[in-house]
Amino acid sequence: DSGVTQTPKHLITATGQRVTLRCSPRSGDLSVYWYQQSLDQGLQFLIQYYNGEERAKGNILERFSAQQFPDLHSELNLSSLELGDSALYFCASSAQDRNTEAFFGQGTRLTVV
Amino acid sequence: AQTVTQSQPEMSVQEAETVTLSCTYDTSENNYYLFWYKQPPSRQMILVIRQEAYKQQNATENRFSVNFQKAAKSFSLKISDSQLGDTAMYFCAFMKPSTGNQFYFGTGTSLTVIP
């Protein structure tokens, strides 16, 4: 158990809908990262938050947004969903902004039908 | 941009034998970290081993070791005495502290340990 909690574990929704994925980082970790893993692919970095502020952006679509709350949990919002958004979405957290490894949650499997 | 390349989509190894997974990367940074993550069928991402670029000594964790060739930008993973539980996808990853801790992942190598 990495200490990073993601909910829900599985999500099935229709095209055009909006969903929210939730992540609780390890206790004390200030940084949260979101990654997308499409079928049998490596993980693609989406976005990073550090202590409530956006720190870095990767290949995140405009239809997607995220935020980190004062209690440090984070939410990833996916809207106007398309079939191609079906993927495993991972959250990771780390203790500091730099120079430390990240610990991954178990992921949320999103299926868009 | 940083790129990580894993040129072996699939590999297999007999139980108790040794296997080496390849990874190359491209960066202009001097300070960075390299990782190998294991993803078993449960889909959990599990850290196997990490290497700091400033360290010349290759990292070792029990049966897992790396061959880090900084000039060649190569970072291979050697698994000794392979076990059935080693069957998984293995991802090589690069991280540079200068822009935070986001990882750049390769496309993975699917390793099957044969009884």
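Refer to the structure presented above.
Attention here is on the structure that accompanies the text. (Residues numbered from 1 in each chain as written. Chains lettered and ligands numbered in written order. Predicted model: local features only at pLDDT ≥ 70, side-chain atom pairs only at ≥ 80, totals over all residues. Heavy atoms only, no water.)

**Considerations on the overall build of chain A**
Assigned secondary structure in chain A consists of 0 helices and 11 strands. Relative to the compact-globule value of 13 Å for 113 residues, chain A shows a C-alpha radius of gyration of 13 Å, a close match. Projected onto its principal axes, the C-alpha positions of chain A cover 40 × 25 × 25 Å. Here chain A holds 113 residues, and 50% of them are scored as buried. In chain A, the proportion of contacts linking residues at least 24 apart, taken out of those at least 6 apart, comes to 55%. Carbon and sulfur atoms form 45% of the exposed surface of chain A, whose accessible area is close to 5300 Å². If the 9 positive side-chain charges of chain A are averaged to one point and the 12 negative ones to another, these points end up 2 Å apart. (Helix = DSSP H or I, 4+ residues; strand = E, 2+ residues; numbered from the N terminus. Rg over C-alpha atoms; globule rule 2.2 N^0.38 Å. Buried < 20%, exposed > 50% of the residue type's maximum accessible area, 1.4 Å probe, protein only. Contact = heavy atoms within 4.5 Å. Areas by Shrake-Rupley, 256 points an atom, 1.4 Å probe, with all protein chains shown as cover. Lys, Arg positive; Asp, Glu negative; His and termini not counted. Charge placed at Lys NZ, Arg CZ, Asp CG, Glu CD.)

**Structural notes on the nonpolar core**
Residues and elements named next belong to chain B. Counting residues in each nonpolar core, the largest one holds 25 residues, and the members touching the most others are Tyr-25, Trp-36, Phe-75, Leu-77 and Tyr-90. For this core, the secondary-structure elements that each account for two or more residues are β3 (19–21), β5 (33–39), β6 (46–52), β8 (64–69), β9 (74–79), β10 (88–95) and β12 (109–114). Broken down by element, this core gets its largest block of residues, 4 residues, from β10. (Core = buried A, V, L, I, M, F, W, Y, C linked by side-chain atoms within 4.5 Å.)

**Some thoughts on the interface of chain A and chain B**
On the side of chain B, 21 residues touch chain A, which itself brings 25 residues to the contact. For the chain A and chain B pair, buried surface summed over both sides reaches about 1800 Å², with 48% attributable to carbon and sulfur atoms. If you look at where chain A meets chain B, you find 0 salt bridges. Linking chain A with chain B are 5 residue pairs in polar contact (both at pLDDT 80 or more). (Buried area = accessible area lost by both parts, 1.4 Å probe. Salt bridge = Lys/Arg side-chain N within 4 Å of Asp/Glu carboxyl O. Polar contact = N/O pair within 3.5 Å; in protein donor to acceptor, adjacent residues only side chain to side chain.)

**Focus on unusual backbone geometry**
Cis geometry is adopted by the peptide bond preceding Pro-8 of chain A, which originates at Thr-7 of chain A and carries an omega value of -10°. One can find Pro-8 of chain A in the loop between β1 (5–7) and β2 (10–13). Unlike most non-glycine residues, Ser-80 of chain A shows phi in positive territory, near 45°. Here Ser-80 of chain A lies in the loop between β8 (74–78) and β9 (87–94). Unusually for a residue other than glycine, Asp-81 of chain B sits at a positive phi of about 50°. Secondary-structure assignment places Asp-81 of chain B in the loop between β9 and β10. In this structure Asp-81 of chain B comes out as partly exposed when scored by relative accessible area, which is 39%.

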